[in-house]
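Commentary on secondary and tertiary structure
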Amino acid sequence: PFHCLDCTHYCEQFNQRRHDRIRDCLIVYLRRFTGVAGTVTKEPALPAPNGHRKTDILFCKDGRNQYIDVALCNPCAPTYLEARQPGEENPAMDMRKRTKERDYEGLLPADQFVPFILSATGNMHEAARQWVEDSAQVGKKKATRDFYRTFCFHEISFHCAQQNARARMEAARRARSV
């Protein structure tokens, strides 16, 4: 029943929409939170040995660049369950994070790359959660920081649930028509 959460055949449009809405949620979070103090660019191209590679977001503030790449994974997928390593609490998210880091190795300094990893259930990898927490420490009043941080967490959870439900309904519709 969970195959639809990462299906690249029948449900890809919903899973891509889930990714894009989470990316857009982060863009809104960064723009509202930082105001004129930082700039946010959607899908900037990076020079790569074999052409260009896109990250999801480039966030520039105080002369510091952060390239953010959103990735989701299905924690129930056999690929992740079979590859679980001892001591891993979230093997799917840990594997996705390692894959993203390898994908950008040599293209970006490690301190400029933010792999924003979530499970398809809306759970954030600890590094993604920490990035949201750290970005909320910069500027604005505490009440405003808390509001935008909470807004970000809730919006991400909402978009994950909404697109997962749509993917599941599509999978059920296709199963009935077979």
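Description of helix α3 (residues 91-104)
- Taking 1.5 Å as the rise per residue, α3 with 14 residues should run 20 Å; its terminal C-alpha atoms sit 20 Å apart, in good agreement.
- Residues of α3 that are buried: Pro-91, Ala-92, Met-93, Asp-94, Met-95, Lys-97, Lys-100 and Tyr-104.
- Note on α3: the residue one or two positions beyond its end, Gly-106, has a positive phi of about 90°.

Things to note about the confidence of the model for the protein chain
- In the predicted model, the protein chain carries a mean pLDDT of 79, and the fraction of residues at 70 or more is 79%.
- Element-level mean pLDDT values for the protein chain span from 69 in helix α2 (residues 78-82) up to 92 in strand β6 (residues 113-119).

Details of the pairing of strand β3 (residues 51-54)
- Sheet topology note: the strand β2 (residues 45-48)/β3 ladder contains four bridges and is antiparallel. If you follow Ala-45 over to β3, its bridge partner there is Lys-54.
- Where β2 folds back on β3, the antiparallel hairpin that results is connected by two residues.

Re unusual backbone geometry
- Residues other than glycine seldom take positive phi values, yet Glu-43 does so here, at roughly 50°.
- Tracing the sequence through the fold places Glu-43 in the loop between β1 (38-42) and β2.
- Assessed through its relative accessible area of 32%, Glu-43 is described here as partly exposed.
- Unusually for a residue other than glycine, Asp-62 sits at a positive phi of about 55°.
- Within the fold, Asp-62 resides in the loop between β4 (57-61) and β5 (64-73).
- On the basis of relative accessibility, which here comes to 70%, the residue Asp-62 falls in the exposed class.

Some words on the pairing of β5
- Across the ten residues that make up β5, a large majority, eight, are buried.
- One ladder, built from five bridges, connects β4 with β5; its direction is antiparallel. Note on β5: the bridge partner recorded for Cys-60 is Asn-65.
- The loop that links β4 with its antiparallel partner β5 comprises two residues; one of these, Asp-62, has a positive phi angle of about 55°.
- In the sheet, β5 pairs with β6 via seven bridges, with the strands oriented parallel.

Brief notes about the sheet that holds β1
- The strand order across the open sheet formed by four strands is β1-β4-β5-β6, and the pairing between neighbours is mixed. A strand with exactly one partner marks an edge of an open sheet, and here the two such strands are β1 and β6. Each adjacent strand pair in this sheet contributes to an overall mean axis angle of 20°, direction not counted.
- Relative to β4, β1 is paired through five bridges, and the arrangement is antiparallel.

Some details on the packing of aromatic side chains
- Tallied over the entire structure, the rule returns three aromatic pairs.
- With 5.9 Å between their ring centres and 85° between their planes, Phe-116 and Trp-131 make a pair best called edge-to-face. With Phe-116 in strand β6 and Trp-131 in helix α4 (residues 126-135), the pair connects residues that are 15 residues apart, well separated along the chain.
- For Phe-116, a relative accessible area of 0% puts it in the buried group.
- Accessibility expressed as a relative area gives 7% for Trp-131, which makes it buried.
- Ring-pair connections join several aromatic residues into one group, and the members of that group are Tyr-29, Phe-116 and Trp-131.
- If you follow Arg-53 out to its NZ or CZ, it ends over the ring of Tyr-104, 4.6 Å from the centre.

A word on the pattern of salt bridges
- The final tally for this structure, using the stated rule, is eight salt bridges.
- A salt bridge links Arg-23 to Asp-24; the shortest N-O distance between them is 2.9 Å.
- Relative accessible area serves as the criterion here: at 4%, Arg-23 is assigned to the buried category.
- The shortest N-O distance in the salt bridge between Glu-43 and Lys-54 comes to 3.8 Å. Here Glu-43 is found in the loop between β1 and β2, whereas its partner Lys-54 is found in strand β3, with eleven residues between them in sequence.

Criteria and thresholds
Residues numbered from 1 in each chain as written. Predicted model: local features only at pLDDT ≥ 70, side-chain atom pairs only at ≥ 80, totals over all residues. Heavy atoms only, no water. Helix = DSSP H or I, 4+ residues; strand = E, 2+ residues; numbered from the N terminus. Expected span 1.5 Å × (residues − 1). Buried < 20%, exposed > 50% of the residue type's maximum accessible area, 1.4 Å probe, protein only. pLDDT = per-residue confidence, 0-100. Pairing = 2+ DSSP bridges. Axes fitted to C-alpha atoms, helices over the stretch in contact; angles between N-to-C directions. Phe/Tyr/Trp six-rings, centres within 6.5 Å; stacked < 30°, edge-to-face > 60°. Lys NZ or Arg CZ within 6 Å of the ring centre and 35° of its normal. Salt bridge = Lys/Arg side-chain N within 4 Å of Asp/Glu carboxyl O.

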